[in-house]
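# Summary of the model geometry
As a plain string of letters, each chain reads:
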Amino acid sequence: MECVSRETAIMYFTKGELFERAGFTVNTEFSVKGAWEGLYSKWILTDKDNHKIEHEYTQRLYSAPQLRDKLLECGFASAQVYGDFDYSPYNENARTMIIVAKK
């Protein structure tokens, strides 16, 4: 499983970005909910004819130990946390959160 963890959200937090993708200008806005329990995201996509599509959501944030422990509580026999797809350590240099869980 690969996802944003609370720790990586904190390390790489930005208030937003502006970029081009798939023929759209994309403007993003981010803010923190609570004590880093969630990350609010608003995405505004604008096409070449100035038509806009807006999408808003709040992503719940879990720490790596919280997710690992939840997987073990759900019956997985093991759950290892890594900092990238190359199985590098999950530490201050982590680029993302990878959890490999086995039944």
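Structural notes, computed from the coordinates. Numbering of residues starts from 1 in each chain and follows the order in which that chain's sequence is written. Selection of residues for local features in this predicted model requires a pLDDT of at least 70, selection of side-chain atom pairs for listing and counting requires 80 or more, and totals for whole chains, interfaces and linings are taken over all residues. With hydrogens and water set aside, each side-chain value is computed from the structure's full complement of heavy atoms.

## Examining the sheet that holds strand S2 (residues 16-21)
Strand pairing follows a simple DSSP-based rule, namely that at least 2 bridges must link the two strands. Helix and strand labels come from DSSP, where a helix needs a run of H or I of at least four residues and a strand needs a run of E of at least two; each type is numbered from the N terminus. Judged by pairing direction, the sheet is antiparallel, and its four strands sit side by side in the order S2-S3-S4-S5 without closing on themselves. Only two strands of the sheet have a single partner each, and these edge strands are S2 and strand S5 (52-60). Strand-to-strand twist in this sheet, taken as the mean axis angle between neighbours without regard to direction, amounts to 20°. Across six bridges, S2 lies against strand S3 (residues 24-33) in antiparallel orientation. An axis is simply a line fitted to the C-alpha atoms; with a helix, the fit covers only the stretch in contact. Between two such axes, the angle follows the N-to-C directions and lies from 0 to 180 degrees.

## Comments concerning the nonpolar core
Core analysis: the biggest nonpolar cluster contains seven residues, these being Ala-64, Leu-67, Leu-71, Ala-79, Val-81, Met-97 and Ile-99. For this core, the secondary structure elements donating two or more residues are helix H2 (64-73), strand S6 (78-82) and strand S7 (97-102). When residues of this core are assigned to their parent elements, the largest contribution, three residues, is made by H2. In these notes, a set of buried Ala, Val, Leu, Ile, Met, Phe, Trp, Tyr and Cys residues joined through side-chain atoms within 4.5 Å is what counts as a nonpolar core. Under the scheme applied here, a residue whose accessible area is under 20% of the maximum for its type counts as buried, over 50% as exposed, and between as partly exposed, the area being computed with a 1.4 Å probe on protein chains only.

## So, the sheet that holds S7
Across the sheet, which stays open at both edges, the three strands sit in the order S1-S7-S6 with antiparallel pairing between neighbours. A strand with exactly one partner marks an edge of an open sheet, and here the two such strands are strand S1 (2-3) and S6. In terms of strand pairing, S1 meets S7 through two bridges, oriented antiparallel. Each residue of the ladder has a partner; that of Glu-2, found in S7, is Ile-98. Any two residues whose heavy atoms approach within 4.5 Å at even a single point are treated as in contact. Where H2 meets the sheet, its contacts fall on S1, S6 and S7, and the angle it forms with S7 comes to roughly 15°.

## What about the packing of aromatic side chains?
Two rings belonging to Phe, Tyr or Trp (six-membered ring only in the last case) form a pair when the distance between their centres is within 6.5 Å. Interplanar angles under 30 degrees mark stacking, angles over 60 mark edge-to-face geometry, and anything in between is tilted. Counting across every chain of the model gives three aromatic pairs. Note on geometry: a ring has a charge over it if NZ (lysine) or CZ (arginine) is within 6 Å of the ring centre and within 35 degrees of the ring normal. Lying over the aromatic face of Tyr-40, Lys-33 brings its terminal NZ or CZ to 5.2 Å of the ring centre. For Lys-103, the ring lying beneath its charged end belongs to Phe-76, and the centroid distance is 4.9 Å.

## Some details on the environment of Phe-13
In this structure, Phe-13 sits in the loop between helix H1 (6-11) and S2. Looking at Phe-13, the relative accessible area reads 32%, which means it is partly exposed. As a C-alpha pair, Phe-13 and Tyr-62 span 49 residues in sequence and 15 Å in three-dimensional space. Those residues in contact with Phe-13 that sit more than four places away from it in its chain are Phe-30, Ser-31, Val-32, Trp-36 and Leu-39.

## Brief notes about the environment of Thr-58
Mapped onto the elements of the fold, Thr-58 is located in strand S5. For Thr-58, a relative accessible area of 49% gives the class partly exposed. Sequence spacing of Thr-58 and Val-32 is 26 residues, and the spatial spacing of their C-alpha atoms is 9.1 Å. Contact partners of Thr-58, with chain neighbours within four places excluded, come to Lys-33, Gly-38, Leu-39 and Tyr-40.

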